[in-house]
Amino acid sequence: MPETPSLSPAWLLTGMGGVLGWGASEALPQHAPVVIAARQRSPLWQDHVGVHLDLATPGSIQRLVEEIGPEVVVHAACLSRAADCAADPERTERINVQAVAELMAAAERVGTFVVYVSTEQVFSGTAERYFEDDRPDSQDVYGASKARAEALVLAAGGAVARLPLLLGAQVDHPHGQLRCGADTAVRLAVQRGERPKLFTDEWRCPVAADEAVQGLWRLAASRRSGVVHLAGNQAVSRYQLGVMALEASGLEAQEIKPSRIQDFTGPPRQARLELDCRRAQEVLAWEPGDLRQSLARLSGLPRVP
Ligand SMILES: NC(=O)c1ccc[n+]([C@@H]2O[C@H](COP(=O)([O-])OP(=O)(O)OC[C@H]3O[C@@H](n4cnc5c(N)ncnc54)[C@H](OP(=O)(O)O)[C@@H]3O)[C@@H](O)[C@H]2O)c1
């Protein structure tokens with residue numbers, strides 16, 4: 001990756017090596033060149049200007065923002081696996097919270113608008129449905145770190161987009177770690193001859209990553225501060241989602257074994273996370289696609305790269 005990018009004013013995108021990054025690469029922002037900041041270049045972004053960023057290093061994002069002077073930063077990079085966060089709360093605090101504080105300080109100096117990519121997991125899952133102004137109340141290390149980062153962004157006049165469980169393609173990442181949407185993960189497991197166990201009592205409103213990203217770009221273009229939710233409009237259990245994803249691919253749904261959250265031995269899980277998206281509909285004219293249609297569309301995707 002070159003040390004100093006020549007594109008300006010650009011939109012700087014972080015955390016684009018995973019399923020959200022696949023969505024972003026499918027639906028690029030209009031009107032602005034993009035610079036990708038990452039630890040290692042993802043095959044998704046070979047044709048784009050890339051700069052090195054490791055949020056574990058204090059001051060790294062600050063330096064980058066001050067060097068590039070981007071119009072917008074869409075900040076999605078974080079430690080995002082709940083188990084990894086629970087195993088290393090100190091690293092989680094550094095990457096998920098302190099780096100965001102540095103980003104906001106630099107953004108204020110440079111005049112950059114920040115869109116922070118957050119998660120439904122800022123909530124504990126005890127309410128039937130969550131609205132944009134509900135107070136985050138997650139007790140787990142990941143969710144609580146994302147909630148603290150949200151507060152920093154909002155206090156500095158930035159925007160927060162909370163996303164649900166994402167659907168999307170498989171990305172073969174340079175670190176060797178497989179990244180893919182929840183639908184693809186089930187399909188790949190069945191194709192490998194496994195019989196995945198999926199919760200019948202964990203409810204989510206999944207959305208295709210490329211559809212969610214359309215909302216992110218609109219939010220960035222609007223320069224509207226505050227919180228929006230960009231989730232699907234149908235609540236399904238993990239088990240139902242798996243069945244629907246297999247059906248959309250012509251695979252046998254009986255390959256999935258039903259299980260319950262109480263049988264899970266990892267960090268506590270939220271039973272129901274349903275995000276109300278009315279604000280995104282009103283202010284961004286953003287609507288998710290129909291879940292079955294999105295799954296059918298995604299089932300035909302080739303593997304990346
Ligand atoms: N996937 C979901 O279902 C879901 C649901 C709700 C919200 N989200 C949010 O969406 C965003 C992206 O999630 P994802 O699932 O697409 O990605 P992911 O596969 O979990 O990867 C996270 C991204 O953060 C980057 N990152 C991690 N540590 C970093 C560090 N020290 N320095 C620089 N970059 C670092 C990774 O970079 P590398 O590519 O270099 O590893 C990767 O691109 C996150 O903010 C997450 O909270 C995701």
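To start, this report covers the structure provided alongside it. (Residues numbered from 1 in each chain as written. Predicted model: local features only at pLDDT ≥ 70, side-chain atom pairs only at ≥ 80, totals over all residues. Heavy atoms only, no water.)

Brief notes about the pattern of salt bridges
Inspection of the entire model under this criterion finds 19 salt bridges. With a shortest N-O distance of 2.9 Å, Glu202 and Arg238 are connected by a salt bridge. Separated by 36 residues along the polypeptide, Glu202 in the loop between β10 (197-199) and β11 (203-204) and Arg238 in helix α8 (residues 238-248) bring together distant segments of the chain. Asp210 serves as the salt-bridge partner of Arg297, at 2.7 Å between the closest nitrogen and oxygen. Residue Arg297 is found in helix α10 (residues 291-299), and its partner Asp210 is found in helix α7 (residues 209-222); the two are separated by 87 residues along the sequence. (Salt bridge = Lys/Arg side-chain N within 4 Å of Asp/Glu carboxyl O. Helix = DSSP H or I, 4+ residues; strand = E, 2+ residues; numbered from the N terminus.)

Brief notes about helix α2 (residues 60-68)
Those residues of α2 not exposed but buried are Ser60, Ile61, Leu64, Val65 and Ile68. The buried residues of α2 occupy one face: seen down the axis, they fall within an arc of 125°. Elements that come into contact with the buried residues of α2 comprise β1 (11-14), β2 (34-38), β3 (49-52), β4 (72-75) and α4 (89-110). One or two steps after α2, the chain reaches Gly69, where phi turns positive at roughly 60°. (Buried < 20%, exposed > 50% of the residue type's maximum accessible area, 1.4 Å probe, protein only. Arc of directions from axis to C-beta. Contact = heavy atoms within 4.5 Å.)

Side note on the packing of α4 against helix α5 (residues 141-155)
For any two helices packed against each other, one specifies the inter-axial angle together with the distance between the axes. α5 packs onto α4 with a crossing angle of 10° between their chain directions and a minimal axis gap of 9 Å. Taken as axis vectors, α4 and α5 run roughly parallel relative to one another. Note on element contacts: α5 touches α4 through Val141, Tyr142, Ser145, Arg148, Ala149, Leu152 and Val153, opposite Pro89, Thr92, Glu93, Asn96, Val97, Val100, Ala101 and Met104. Within the contact of α4 with α5, the residues separate by chemical class into ten nonpolar, three polar and two charged. (Axes fitted to C-alpha atoms, helices over the stretch in contact; angles between N-to-C directions. Parallel < 35°, antiparallel > 145°, perpendicular 65-115°, else oblique. Nonpolar A, V, L, I, M, F, W, Y, C, P; charged D, E, K, R; others polar.)

What is shown is where atoms sit, not what they do.
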